Amino acid sequence: MEYLIKNGYVYDPLNNVKGEKMDIAIKNGKIVSPSELSGDAKTIDASGMVVMPGGVDIHSHIAGPKVSAGRIMRPEDHYKVYMRAIPGVRRSGSGKTTPSTYVIGYKYARMGWTTVFEPATPPLETRHTHEELDDIPILDKGCFPLLDSNWFVLEYLQNKDYDRCAAFIGWLMDAIKGYAIKIVDPGVAEAWSLGMGVGLSLDDQIPNYNLTPREIVRGLCKANQMLKLPHPIHVHCNRLGFPGNYVSTLDTMDAVSDLALNQDTPIIHITHVQFTGYAGDSWATLASGGEEIAKYVNNHKHVSLDLGQIVFGDVTTMTADAPFEFVLHHLAPGKWSSTDVEAETSSGIVPYRYKKKNFVNTVQWCIGLEVALLVKDPWRIFPTTDHPNAGPFTSYPTVLAWLMSRKAREKVFEQVNRRGLRKSALQAIDREYDLYEITIITRAAGAKILGLKDKGHLGVGADADVAIYNLNPEKIDFSKDWETFVKAFKRAAYTFKNGEMVVKDGEILRHMYGETYYVKPRVPESLLKTVVEDVKTRFREWYSINFENYVIGDDELRAVKPIQVETTLKG
Amino acid sequence: MFTLITGRTLEQGRTMEIGKFTKDYMDRVAICEINPEDLKKIGVESGSNVKVKTAYGEVVVKAVSSNTTSPGVVFIPMGPWANMVVNPDTQGTGMPNLKGVPCQIEATGEAIPGIYDLLKKISDKTFEAKISKPEVAVSGRSETYSNVVCCFCGCVCDDLEVSVENGKIKSVKNGCAISMAKLLNYDRERAYKPMVRKNGKLVETSLEEALNEAAKILAEAKYPLIYGWSSTSNEAMRHGVYLAELTGGVVDNTSVSCHGPTILGTQQAGVVKATLGQIRNRADLIVYWGCNPVYAHPRHTVRYSAMAKGRFVKGRKERKIVVVDVRPTPTSKIADMFIQVKQGMDYELITALRMAVKDHTIEAPTVAGVPREKILELADMFRSARFGVIFLGMGLTMTSGKGRNLEEAIKLVQDLNEWTKFVLLAMRGHYNVTGTNEVIVWLTGYPYAVDFMLGYPRHNPGITTATDVLIRGDVDAALIVASDPASHFPRKAVEHLAKIPTIVIDPRWSPTASLADVFIPTRYVGIECEGVVYRMDGVPLRAKKLVDPPPEILSDEEVLGKLVEKVEALKLGR
Ligand code: SF4
Ligand SMILES: [Zn+2]
């Protein structure tokens, strides 16, 4: 099918298009020049509407063993929120904070999002992660393997053997179809295996290893640079969830500052910074460290951030930071799940509810917004909710409205804990994002930091992933009428995925599948051979499955999109 | 009056893999183990026939003297005979009372019924053996495969070495008694042609006609049951969920009658687990509670637990082993400590342990038949372990308390994490029961017993569970895939299954197949086709294809894919 989207206000920051009236043409799944369309092209009248690239989410827990563990332990999350099947059109599903796979794909697409990355997968169980990703309709996707407590990584780093560490990671990404290096509370899973690791700091020693979290972060950052992976190391800092932890976050960012080579692109991404942006020395004295973090980011180009913005209401917290979930289990007694994965990682899950009247929750809510409003460069800040940790991804329109409208924030100020509100600079900030900046933080910057060249823009040759919202930027003052924005962003007027119309008037039109991205770093053969031999010899002792069965074939996934990467490794 | 318990045995598992219609299977399963004292009391010789009577039925089996069975308790291996007498009430959990059923035992001159005799008692369908001989492959590949994934039990060992000669499996290395039995005998009890029931009899037909008939049954049904799955691949399971959605039926897997209660416990409390490699590398205290891996998961202790050599804990000598069960088992023989809990009183014992762990005072001198001192000793062992694990078996899930037992066990482990590192793991039986639970949960939001009557997933154990919808007679058709409920569900459920139009898709011939209205033979996952399966701890593996399937036989995944298309055509008018 060919389409001509006529007369929309086009927002395409990567091509410097700022709301000009333009026509966008779609053919064979790609954006083409309108002159290339045949007479059969269908015209979509987008006058009075906004046209943008499809949304790109760099951090949302949508697939894998911990996500399903969350679903299993929370039937109550599914009783009231469900989607009915429409035979021949869409499938059914259920769940609010831990939705089933079809619901995930549909709800993202209804909002105009078309690419989403799962940011934490245990390598040993990544076959499972891919099975779930495969069952998420419409979206393109990928996943980040957890590597900070992987025994091979730890051994190589301990021996300062960065070449082999990088070669191993290069092999692993290809073998299990991963996309980027994920670091969660670096080294913590190894400590948690001994029932330790609560509050691990950047310079503590990891049990059994002559290594500190700092060395792990630096080592993996070096490996990432040698491999030239498209995405920077993706880091959940130590001491997440502990008052005073903004210092750890600053230290973590600074731990790799000397490795930055003057380039414009970040070499470290700090994820859900809200959870590691706490000043104060106890829950009672909690305050925001957001200003300090924003100041650092404004002065250092090697860092990017995503928010982990709190949305009041029910969530399911789930993270590879198992000791933190153990702590949360004490703060919020009730259900608690935890899983250790041999030689690699661990995870924990605790259901939670953010309450407006709660002092701590109010401070948390402020921190995310404060950071987002104080960081000047919209290309290095991402408005995630760390779904489903700080809020479900379905709250994105609300989160964006808070960024776009002081009024929208003020409405919340009236409802939250007064004392908590005073613990940050948020009330004093007047900044409001405009729609161009919103387009950057929700699509263009995501595609850029993931290195997805055909996504996040509407230039000729881009993937025809397009969202159209029923919003007239010439008529609407988002600062005042943020509710109209929320309504329009909740249900896109149209969503196109790979040139197919998948959403119209906010409703799903068809069930189809996207692709899974993974990286294939070119590791020199002799080095690869040495490392694979090394891995094989220890695999039997360390793992309970055989090496050959660890590797995932391309044919096991519905549709793969390997990204070849030239490394700087020498043979 | 005696108390009847049922459960797995090694011989039941081994002979079941060779064939449920063999004399061997009947000799091992149509038995009742009775304490010699009790035998004397009722005046029965070991080896003679007895009639076991409960409030739910009666059955004739052979009495076998057994020292490991406590006085007052009798044991029948799970299977078609036990099902004639177990209590079908699931008390809102989906799990019938398979352990702890009051029964009477008397000498009898009656013969032990065969499987077909049992089926004839509950249905007036004609039952015939349709087992045929495999068509001998004229030629076939010869190859030796290593890293073979064993698709039998929840251990899913992935290190077998299988040699194939001329398209036939010749030898198996690294296997256990069960996997050997399966891999060398998998085609002993098979039917190789699709069949439909015409004028009361199953007759051979084309795949096309069998699929048409099956599609018609499903499309016309108001509320079909789509059940089985735990012995097939995740790929097949996906089709199963879709069929339930398309037909507004209910989809369920065999966890309903194994670890469904463990899931219910998890829904209440969460769960604290680890993969088997983590346990092997680190656990210095291993508790087997209500499970008997030496029988049911033969390589578990060697590969993953008691005897296994790990990175930090090198083997049996560096581990303490505890077994908690209602009677001594082969597993308790390898234990450092055996705790004999009174049948049906696990909940009390776990609660006492939780109290002891927290230093609360236990006033009773014994709890669940266990002396207080023993409980305190055990609690101390738990707290002083470096890395402890409890493996939970069906001794907890099938006995009274069901999900509550598991919830309490999970809470015990959660409590223990205040002192040390402690995890637990359910000993899942079928090789892919874990995987099919996962597929169902990620597609629907619930792990089993999912109902689509209203067009969206709902889950209400005790209402939407396979056992309950059959026992209550709610469903009006059934699709059974890779499973044999006629051998494993209580009599009342099987009675209803025999009444309604039933489609069976299975590589093998089974008692359930013999009551089918449509039967479609398929390939064995892990022998004749590939497929993704999940080990009991959730580790996913891809099973290999070792030999070519018999001609014209497709995989479960392929057959179900075709069935989906046909049901779609009928339902959506495509
Ligand atoms: S223990 Fe289970 S999985 Fe392992 S070889 Fe035996 S039957 Fe197969
Ligand atoms: Zn996250």
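One numbering rule holds for all chains: residues counted from 1, following each sequence as written. To label them, take the chains in the order written and letter them from A, then take the ligands in the order written and number them from 1. Per-residue local features are limited, in this predicted model, to residues with pLDDT of at least 70; the limit for side-chain atom pairs, both in listing and counting, is 80 or more; totals at the level of whole chains, interfaces and linings are taken over all residues. Excluding hydrogens and water, the side-chain values take into account all heavy atoms of the structure.

**Thoughts on the overall build of chain B**
Where we set the bar: Only runs of H or I of at least four residues qualify as helices and only runs of E of at least two qualify as strands under DSSP, and these elements are numbered from the N terminus. Atoms considered for the radius of gyration are the C-alpha atoms alone. The globule rule reads 2.2 Å times the number of residues to the power 0.38. Type-normalised accessible area, obtained with a 1.4 Å probe on protein chains alone, sets the label of each residue: buried when under 20%, exposed when over 50%, and partly exposed for intermediate values. When checking whether two residues touch, look at their non-hydrogen atoms; a contact exists if any pair is within 4.5 Å. We get accessible surface area from the Shrake-Rupley algorithm with a probe of 1.4 Å; when it comes to residues, only the shown protein chains can shield them. We score Asp and Glu as negative and Lys and Arg as positive, and we do not count His or the chain ends. For this purpose, a charge sits on NZ of Lys, CZ of Arg, CG of Asp or CD of Glu.
The helix and strand inventory of chain B stands at 23 helices and 28 strands. Since a compact globule built from 574 residues should have a radius of gyration of about 25 Å, the 23 Å found for chain B is in line with a globular shape. Seen through its principal axes, chain B has C-alpha atoms that stretch 70 × 55 × 50 Å. Looking at chain B residue by residue over its 574 residues, the buried ones come to 69%. Pairs at least 24 apart in sequence give 72% of the contacts found in chain B among residues at least 6 apart. When the accessible surface of chain B is split by element, carbon and sulfur atoms take 49% of a total near 18800 Å². The centroid of the 71 positive side-chain charges in chain B is displaced by 3 Å from the centroid of its 65 negative side-chain charges.

**Here we look at the sheet that holds strand β19 (residues 345–354) of chain A**
Picture the strands of a sheet paired through backbone hydrogen bonds; they go either parallel or antiparallel. The cut-off we apply is this: Being paired, for any two strands, means DSSP has found at least two bridges between them. Structural elements are reduced to axes, namely lines fitted to C-alpha atoms, with helices fitted over the stretch in contact, and the angle between N-to-C directions of any two is expressed from 0 to 180 degrees.
Pairing is mixed across the open sheet formed by 4 strands, whose spatial order is β17(A)-β19(A)-β18(A)-β14(B). The sheet is open, and its two borders are formed by β17 (313–319) of chain A together with β14 (272–274) of chain B, each paired with just one other strand. Sheet twist, expressed as the mean angle between neighbouring strand axes with direction ignored, is 10°. The strands that helix α1 (residues 65–73) of chain A touches are β17, β18 (337–341) and β19 of chain A; relative to β19 of chain A, the one it contacts most, it runs at about 45°. Contacting β17, β18 and β19 of chain A, helix α11 (residues 322–331) of chain A crosses the sheet at an angle of about 35° to β19 of chain A.

**Regarding helix α8 (residues 234–247) of chain B**
Residue and element names in this part refer to chain B. For clarity, the cut-off: A helix's residues, less one, multiplied by 1.5 Å, set its expected span.
For α8, with 14 residues, the first-to-last C-alpha span of 20 Å sits near the 20 Å given by 1.5 Å per residue. Burial analysis of α8 places 13 of its 14 residues in the buried class, which makes it a mostly covered element. G248 sits one or two residues past α8 and shows a positive phi near 65°.

**Points about the coordination of the zinc ion (ligand 2)**
Around a metal, the ideal angle is 109.5 degrees if four donors adopt a tetrahedral arrangement and 90 or 180 degrees if six donors adopt an octahedral arrangement. Put simply, the test is: Metal coordination here is assigned from N, O and S atoms located within 2.8 Å of the ion, or within 3.2 Å for Na, K and Ca; omission of water means that sites may look incomplete.
The zinc ion (ligand 2) binds to the protein through H59 of chain A (NE2), H61 of chain A (NE2) and D386 of chain A (OD), with metal-donor distances spanning 2.1 Å. For H59 of chain A, a relative accessible area of 0% corresponds to the buried category.

**Some remarks on the environment of K125 of chain B**
All names here are of chain B. Applicable threshold: N or O atoms within 3.5 Å of each other form a polar contact, as long as, within protein, one can give a hydrogen and the other can take it, and as long as residues adjacent in sequence are counted only when both atoms are side-chain atoms.
With respect to the helices, strands and loops of the structure, K125 is situated in the loop between α5 (115–122) and β7 (143–148). Taking the relative accessible area as the measure of exposure, K125 reaches 16% and is therefore buried. Setting aside its immediate chain neighbours within four residues, K125 contacts R197, A498, I500, L515 and D517. Side-chain polar atoms of K125 contact the backbone oxygen of L515, separated by 2.8 Å. Within the structure, the side chain of K125 is placed 3.2 Å from the side chain of D517, a separation counted as a polar contact.

**Things to note about the interface of chain A and chain B**
Quoted interface sizes are often the accessible area lost when the parts come together. What counts, and what does not: Take a side-chain nitrogen of Lys or Arg and a carboxyl oxygen of Asp or Glu: if they are within 4 Å of each other, that pair is a salt bridge. Side-chain classes follow a simple rule in which Ala, Val, Leu, Ile, Met, Phe, Trp, Tyr, Cys and Pro form the nonpolar group, Asp, Glu, Lys and Arg form the charged group, and the remainder, Gly included, forms the polar group.
Counting from both sides, the interface comprises 59 residues of chain A and, opposite them, 62 residues of chain B. At the surface where chain A touches chain B, the tally comes to 9 salt bridges. A salt bridge links E190 of chain A to R282 of chain B; its shortest N-O distance comes to 3.1 Å. Where chain A meets chain B, there are 46 residue pairs in polar contact (both at pLDDT 80 or more). In terms of residues, the side of chain A that touches chain B owes the most to one element, β18 of chain A, which gives 5 residues. Here the residues of the side of chain A that touches chain B are counted per class, giving 20 nonpolar, 20 polar and 19 charged. Of the strand pairs in this sheet, β18 of chain A and β14 of chain B are connected by 3 bridges, and their pairing is parallel. Paired with S338 of chain A across the bridge in β14 of chain B is V272 of chain B.

**Brief notes about the sheet that holds strand β13 (residues 268–270) of chain A**
Residues and elements named next belong to chain A. The 5 strands are arranged β11-β12-β13-β16-β20 in an open sheet whose pairing can be described as parallel. Both outer strands of the open sheet, β11 (182–184) and β20 (381–382), are each paired with one neighbouring strand and no more. The pairing of strand β12 (residues 233–236) with β13 spans 3 bridges and is classified as parallel. Its bridge partner being in β13, H234 is matched across the sheet by H269.

**A short note on the packing of helix α9 (residues 246–255) of chain A against helix α10 (residues 290–299) of chain A**
Residue and element names in this part refer to chain A. Keep this limit in mind: The labels follow the angle: roughly parallel below 35 degrees, roughly antiparallel above 145, roughly perpendicular from 65 to 115, and oblique for the rest.
Relative to each other, α9 and α10 sit at 10°, their axes nearing to 10 Å. In terms of axis orientation, α9 runs roughly parallel to α10. Here Y246, T249, L250, M253 and D254 of α9 lie close against α10, whose contacting residues are E292, I293, Y296 and V297. Looking at side-chain class alone, the contact of α9 with α10 contains 6 nonpolar, 1 polar and 2 charged residues.

**A look at helix α18 (residues 525–542) of chain A**
In a regular helix each residue adds 1.5 Å, so 18 residues correspond to 26 Å; α18 of chain A covers 25 Å between its end C-alpha atoms and thus fits that length. Residues of α18 of chain A that are buried: L527, V531, V532, D534, V535, R538, F539 and W542 of chain A. Packing partners of the buried residues in α18 of chain A comprise α5 (151–158) and α6 (162–176) of chain A together with α10 (276–282) of chain B.

**Side note on the domain arrangement of chain B**
All names here are of chain B. What counts, and what does not: Where a domain begins and ends is set by an automatic assignment or by a domain database. By buried area we mean the combined loss of accessible area, with a 1.4 Å probe, across both parts when two parts are placed together.
For chain B, the assigned domains are domain 1 (2–113), domain 2 (191–258 + 433–525 + 551–572) and domain 3 (274–426). Listed by partner, the interface residues are 20 residues for domain 1 and 22 residues for domain 2. Of the roughly 1600 Å² buried at the junction of domain 1 and domain 2 (both faces included), carbon and sulfur atoms supply 57%. For the domain 1 face of the interface with domain 2, the top three residues by lost area are K20, F21 and N83, together amounting to 29%. Applying the counting criterion to the domain 1 and domain 2 interface returns 1 salt bridge. Between K20 and D484 there is a salt bridge, and its shortest N-O distance comes to 2.6 Å. At the junction of domain 1 and domain 2, the tally comes to 8 residue pairs in polar contact (both at pLDDT 80 or more). Among the elements of the structure, α1 (10–18) and α4 (80–83) are those that each provide at least two residues to the side of domain 1 that touches domain 2. When residues in the side of domain 1 that touches domain 2 are grouped by element, the largest group, 3 residues, is from α1.

**Looking at the packing of α1 of chain B against helix α6 (residues 177–185) of chain B**
Residues and elements named next belong to chain B. Axis separation between α1 and α6 bottoms out at 8 Å; the angle between their running directions is 10°. Taken together, the axes of α1 and α6 are roughly parallel relative to one another. For the pair α1 and α6, the contacting residues are L10, G13, R14, E17 and I18 in the first and A177, I178, A181, K182 and N185 in the second. Partitioning the contact of α1 with α6 into residue classes produces 5 nonpolar, 2 polar and 3 charged.

**What about the pattern of salt bridges?**
Oppositely charged side chains can form a pair if their charged atoms are brought close together. The full count for this structure, using the stated rule, is 83 salt bridges over all chains. As a salt-bridge pair, K51 of chain B and E58 of chain B come within 3.4 Å of each other at their nearest N and O atoms. Between R141 of chain B and E143 of chain B there is a salt bridge, with the nearest N and O atoms lying 3.9 Å from each other. For E143 of chain B, a relative accessible area of 39% puts it in the partly exposed group. Each of K30, D140, D454, K455, D463, D465 and K497 of chain A takes part in one network of salt bridges that share partners.

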